[in-house]
Amino acid sequence: MKTINDFNFRDKKALVRVDFNVPQDDQFKVTDNTRIVAVKPTVEKILKDGGSVILMTHLGRPKGEAKDEFSLKHIVGEVSAVLGQEVKFVDECVGEKAEKAASELKTGEILLLENMRFHNEEEKGDEGFAEQLSKLGDAYVNDAFGTAHRAHASTAVIAKFFNSTKFFGLLMEKELKAIDKVLKSGERPITAILGGSKVSTKITIIENILPAIDNLIIGGGMAFTFIKALGGKIGNSLVEEDKLPLALEILGKAKENKVKVYLPSDAIIAESFSNDVERKEVDIYAIPEGWMGLDAGHKSRDQFNDVLLNSRTILWNGPIGVFEMSNFAGGTIALGESIAEATRLGAFSLVGGGDSVAFVKQFGYADQVSYVSTGGGAMLESLEGLELPGVAAINN
């Protein structure tokens, strides 16, 4: 893996693709700067070598139009605050203005280019646009794991204009090593927890990880498709009727790969999808008509806890209950506690994929696990065994 640690950036301008697609409030104030903080080590390394940094990113979906609400001028203050020095900004990313700003950049300085997606050519992966961008720097660094699954001009195509001076940033390296630890070099037993609502969105991941893992915990809405396929009565719980045969097929493949599958044994149920309704705890195979399962019950939590405390490597993707509603958050909170405890006992734990990342941040578990992935789609595609365009561009 070619990283920035393999190169000295003295007197070089490093063109660094980052993922600053950060949430903002209606006053354009950044409400979560995690993605900016994550690339600080990469920027610091380049500046310490005696180089300068030109940052490229997208923000939102402007669809090829220069819209004020998506301008990076709104986040330059936050980027400066996080990186600990004034960051210069230019309201273009290619052409004369951008080239002038880049050429005037001095050693130790940082320049933020305007939103890549103000140009349609970015998402089209246009080679001419990528070549224009490449003129701005002497080396290319990809530190945007969150967009590594996109074959865009600044995330992949641009690398072809930097034969020997293209590198992974330190965040990208951490992300790829974390995934590798789960799929290839992890200490056993390895346990994967897959939650969320639909089994259809996780099929490829399940098929790819089965040969690499020892235990598979299935929770959340997708568990009911498995329970029904096994003959259980699930009342009005979420189910993908057309995926019942697939659920049995997955259980068969797990058996072939000697993977133990753990499904919830009980559930917290309600008569409607609402926080303030009557709740019962019942056997998950015997949910009465008119009731739906919205969280894992206490027996399930205890069983999952036993599995996790005996694991050495843990992958968590997806909640096991409707944690957005406080009365149905207990199962996912218990799971978070179990993973945090396993991590304290020396297990390596990787959390990735939208909802589980949102959960660990919201409930304060982010610093109690080994690694929280910054890339939702990129993380999922990696787990599916796909080579990400942004990764291939540096490796090839």
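Residues numbered from 1 in each chain as written. Predicted model: local features only at pLDDT ≥ 70, side-chain atom pairs only at ≥ 80, totals over all residues. Heavy atoms only, no water.

1. Re the sheet that holds strand E11 (residues 266–270)
Point 1. Taken in spatial order, the 3 strands line up as E12-E11-E14 in an open sheet, and their pairing is antiparallel. Edge strands, defined here as strands with exactly one partner in the open sheet, are strand E12 (279–283) and strand E14 (292–296). Ignoring strand direction, the axes of neighbouring strands in this sheet form an average angle of 40°.
Point 2. Pairing analysis gives 5 bridges linking E11 to E12, with the strands arranged antiparallel. (Pairing = 2+ DSSP bridges. Helix = DSSP H or I, 4+ residues; strand = E, 2+ residues; numbered from the N terminus. Axes fitted to C-alpha atoms, helices over the stretch in contact; angles between N-to-C directions.)

2. Here's the deal with the sheet that holds strand E4 (residues 110–113)
Point 1. If you walk across this open sheet you meet the 6 strands as E3-E4-E2-E1-E5-E6, and the pairing is parallel. Across the chains shown, the open sheet's two edge strands, defined by having one partner strand only, are strand E3 (87–90) and strand E6 (166–168). Strand-to-strand twist in this sheet, taken as the mean axis angle between neighbours without regard to direction, amounts to 25°.
Point 2. Taken together, the 4 bridges between E3 and E4 define a ladder with parallel strand orientation. Residue pairing in the sheet places Lys88 in a bridge with Leu111 of E4.
Point 3. Against the sheet, helix H3 (residues 76–83) contacts strand E2 (52–56), E3 and E4, and its axis sits at roughly 155° relative to E3. (Contact = heavy atoms within 4.5 Å.)

3. Thoughts on the UniProt feature "binding site: ATP" (unreviewed entry) in the chain
Point 1. Per the UniProt annotation, the sites labelled "binding site: ATP" (unreviewed entry) are Lys202, Gly293, Glu324, Gly353, Gly354, Asp355 and Ser356.
Point 2. Aside from chain neighbours lying at most four places away, what touches Gly353 is Asn317, Gly376, Met379 and Leu380.
Point 3. Structurally, the position occupied by Ser356 is in helix H13 (residues 354–362).
Point 4. Residues contacting Ser356, with those up to four places away along its chain left out, are Trp316, Asn317, Gly318, Pro319 and Val351.
Point 5. Polar side-chain contacts of Ser356 include one of 3.0 Å to the backbone nitrogen of Gly318. (UniProt positions renumbered as here; feature names shortened; annotations may be inferred. Polar contact = N/O pair within 3.5 Å; in protein donor to acceptor, adjacent residues only side chain to side chain.)

4. Some remarks on the packing of helix H11 (residues 298–309) against helix H12 (residues 330–344)
Point 1. Two elements in contact, H11 and H12, have axes whose closest approach is 9 Å; the angle formed by their N-to-C orientations is 20°. One finds that H11 runs roughly parallel with respect to H12. The two elements H11 and H12 meet at a crossing, and its hand is right-handed. Contacts from Arg301, Phe304, Asn305, Leu308 and Leu309 in H11 reach Gly330, Gly331, Ala334, Leu335, Ser338, Ile339, Glu341 and Ala342 in H12.
Point 2. Classifying every residue of the contact of H11 with H12 gives 7 nonpolar, 4 polar and 2 charged. (Parallel < 35°, antiparallel > 145°, perpendicular 65-115°, else oblique. Left-handed = near helix turned anticlockwise from the far one by under 90°. Nonpolar A, V, L, I, M, F, W, Y, C, P; charged D, E, K, R; others polar.)

5. A short note on the pattern of salt bridges
Pairing between side chains becomes possible if they bear opposite charge and their charged atoms approach one another.
Point 1. The final tally for this structure, using the stated rule, is 20 salt bridges.
Point 2. Salt-bridge contacts for Asp68 lead to Lys73; the nearest nitrogen and oxygen are separated by 2.6 Å.
Point 3. One continuous salt-bridge network, built from bridges that share partners, spans Glu207, Glu249 and Lys253. (Salt bridge = Lys/Arg side-chain N within 4 Å of Asp/Glu carboxyl O.)

6. Describing the domain arrangement of the chain
Point 1. Under the domain assignment, the chain is made up of domain 1 (4–172) and domain 2 (186–384).
Point 2. The distance between the C-alpha centroids of domain 1 and domain 2 comes to 36 Å.
Point 3. Across the boundary between the two partners, domain 1 contributes 9 residues, which contact 10 residues of domain 2.
Point 4. Linking domain 1 with domain 2 are 1 salt bridge, by the criterion used here.
Point 5. A salt bridge links Lys361 to Asp32, with the nearest nitrogen and oxygen atoms 3.3 Å apart.
Point 6. In this structure, the connection of domain 1 to domain 2 is made through 1 residue pair in polar contact (both at pLDDT 80 or more).
Point 7. Among the elements that make up the side of domain 1 that touches domain 2, the one with the highest residue count is helix H1 (residues 34–38) (3 residues).
Point 8. Taken together, the residues that form the side of domain 1 that touches domain 2 break down as 4 nonpolar, 3 polar and 2 charged. (Domains from an automatic or database assignment.)

7. Overview of the packing of aromatic side chains
Point 1. Following the criterion strictly, the structure yields 9 aromatic pairs and no others.
Point 2. Ring geometry for Phe359 against Tyr365: centres 5.8 Å apart, planes inclined by 15°, an arrangement best described as stacked. Both residues of the pair, Phe359 and Tyr365, belong to the buried class.
Point 3. Here Lys2 stacks its cationic end above the ring of Phe167, 5.4 Å away from the centre of that ring. (Phe/Tyr/Trp six-rings, centres within 6.5 Å; stacked < 30°, edge-to-face > 60°. Buried < 20%, exposed > 50% of the residue type's maximum accessible area, 1.4 Å probe, protein only. Lys NZ or Arg CZ within 6 Å of the ring centre and 35° of its normal.)

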